[in-house]
Amino acid sequence: MAGNSFGTLFRITTFGESHGRALGGIIDGCPAGIELDEKAIQEELNRRKPGQSAIVTQRKEPDTVEIYSGVFEGKTTGTPIGFAIHNTNQKSKDYSHIKDSYRPSHADYVYDHKYGFRDYRGGGRSSARETASRVVAGAVAKQFLKDIKITAYVSQVGGLKLETPYQQLDFSEIEKNPVRCPDPTMASQMEEYIKSIKKDGDTIGGVITCVIQNVPIGLGEPVFDKLHAELGKAMLSINAVKGFEYGSGFEGVTQKGSEHNDQYNTDGTTKTNKSGGIQGGISNGMDIYFSVAFKPVATVLQGYDTIDKEGNKVATQGKGRHDPCVVPRAVPIVEAMAALVLADYTLLAKGNKI
């Protein structure tokens, strides 16, 4: 299986399956001498871990990270940082009913055809549990990028959409509710809606918005390795993501060029920021902001028809512990992937200096 690594200079390679002994990774390219707060890394994992509220999967995992290398006396050594997160609460028998059949809109069918073999327990390597390793790597990247602030929040669940511009939101409200929406009124509505969806044995999708502030000018390359292209790749690599847009996004097509252009101030900043902080694939110093769309979780706790390995039609029902809506736990994942991109491009930018 290829494609288990992300990044060029600041690089993460992950390993592990949903129901294996452990998940983990190797972070390569992290500069030496960075004071690493392991408590802060664990706090990021706690934001992603299952069982944290009534509106997420009730799998009980402590998700405690153990760092095995690359850190000495609280600082990075410049050598590979190896870490692991041990699984403790697998219920593999919950998946025995799909051993020989395929769940709709899951990776089961394509895995079997591509590799000729699959770990059906929780989806194996295709499980979103793999993202725990990304969160660890992203937390390390955040500490390398200490002057850059990365904030993600839930801006939509189903048809409930937060229309308030991010500049008018109080980001301190994000972690005060289980949905991770910075508007308390909308957060309450979203929470009740997710609960009603869960009660029906169904799932719902949503959108996460991310804002990156204090970004220096000059990150990104102007042709194939544009900063927004790499951010898009990072976000689209997250399980269940179906869409990515930055800056004015799809709404920008309704405006004329004279309306859409970001006019300059004398100090090089712009009066508006429809470019989303990136021009010509390179950061311009303004806030980078983008949105990521997540589909409804594919496993619904209802009866459904599918096919088995021989192509026979079979009837079955979703079982196990699953999120009725993935976006509340995906907030730290979006932040982590953004941090990995910025850490990588920060190191790449240093090599471009004359």
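Below or above, wherever it landed, is the structure these notes cover. From a predicted model like this one, the values you see are computed outputs, not experimental measurements.

### A closer look at the overall build of the protein
Looking only at helices and strands, one finds seven helices and 16 strands in the protein. In terms of C-alpha radius of gyration, the protein reaches 21 Å, essentially the compact-globule figure of 20 Å for 354 residues. Dimensions of the protein, computed from the C-alpha atoms along their principal axes, are close to 65 × 50 × 40 Å. For the protein, the proportion of contacts with a sequence separation of at least 24, taken over those separated by at least 6, is 71%. Here the protein displays about 16,900 Å² of accessible surface, and carbon together with sulfur accounts for 52% of that area. Averaging the locations of the 42 positively and 42 negatively charged side chains of the protein gives two centres separated by 4 Å.

### Some words on the packing of aromatic side chains
Describing an aromatic ring pair means giving the distance of the ring centres and the angle of the ring planes. In this structure the tally under the stated criterion is six aromatic pairs. Ring centres 5.2 Å apart and planes at 90 degrees place the aromatic pair Tyr 102 and Tyr 109 in the edge-to-face group. The exposure class of Tyr 109 is partly exposed, given its relative accessible area of 40%.

### Comments concerning the sheet that holds strand β14 (residues 288-294)
Taken together, the five strands give an open sheet; going across it, the order is β9-β8-β10-β14-β11, and neighbouring strands pair in antiparallel fashion. Looking along the sheet, the strands with just one partner apiece sit at the ends: β9 (160-161) and β11 (241-246). Here helix α5 (residues 227-236) sits on the sheet in contact with β11 and β14, set at roughly 160 degrees to β11. The strands touched by helix α7 (residues 327-350) are β8 (149-157), β10 (206-213) and β14; relative to β8, the strand with the most contacts, the crossing angle is about 145 degrees.

### Some thoughts on unusual backbone geometry
The backbone of Glu 73 shows a phi angle near 55 degrees, a positive value even though the residue is not glycine. With relative accessibility at 71%, the residue Glu 73 sits in the exposed group. Of note, Ser 105 is a non-glycine position whose phi angle comes to about 65 degrees, a positive value. Tracing the chain through its elements places Ser 105 in the loop between β7 (81-86) and α2 (108-115). Given the relative accessible area of 60%, Ser 105 is considered exposed.

### Observations concerning the pairing of β7
Taking burial as the measure, the six residues of β7 include five buried ones, the bulk of the element. Here strand β3 (residues 22-28) runs beside β7; their pairing, made up of six bridges, is antiparallel. For Ile 26, the partnering residue across the bridge sits in β7 and is Gly 82.

Procedures and definitions
Residues numbered from 1 in each chain as written. Predicted model: local features only at pLDDT ≥ 70, side-chain atom pairs only at ≥ 80, totals over all residues. Heavy atoms only, no water. Helix = DSSP H or I, 4+ residues; strand = E, 2+ residues; numbered from the N terminus. Rg over C-alpha atoms; globule rule 2.2 N^0.38 Å. Contact = heavy atoms within 4.5 Å. Areas by Shrake-Rupley, 256 points an atom, 1.4 Å probe, with all protein chains shown as cover. Lys, Arg positive; Asp, Glu negative; His and termini not counted. Charge placed at Lys NZ, Arg CZ, Asp CG, Glu CD. Phe/Tyr/Trp six-rings, centres within 6.5 Å; stacked < 30°, edge-to-face > 60°. Buried < 20%, exposed > 50% of the residue type's maximum accessible area, 1.4 Å probe, protein only. Pairing = 2+ DSSP bridges. Axes fitted to C-alpha atoms, helices over the stretch in contact; angles between N-to-C directions.

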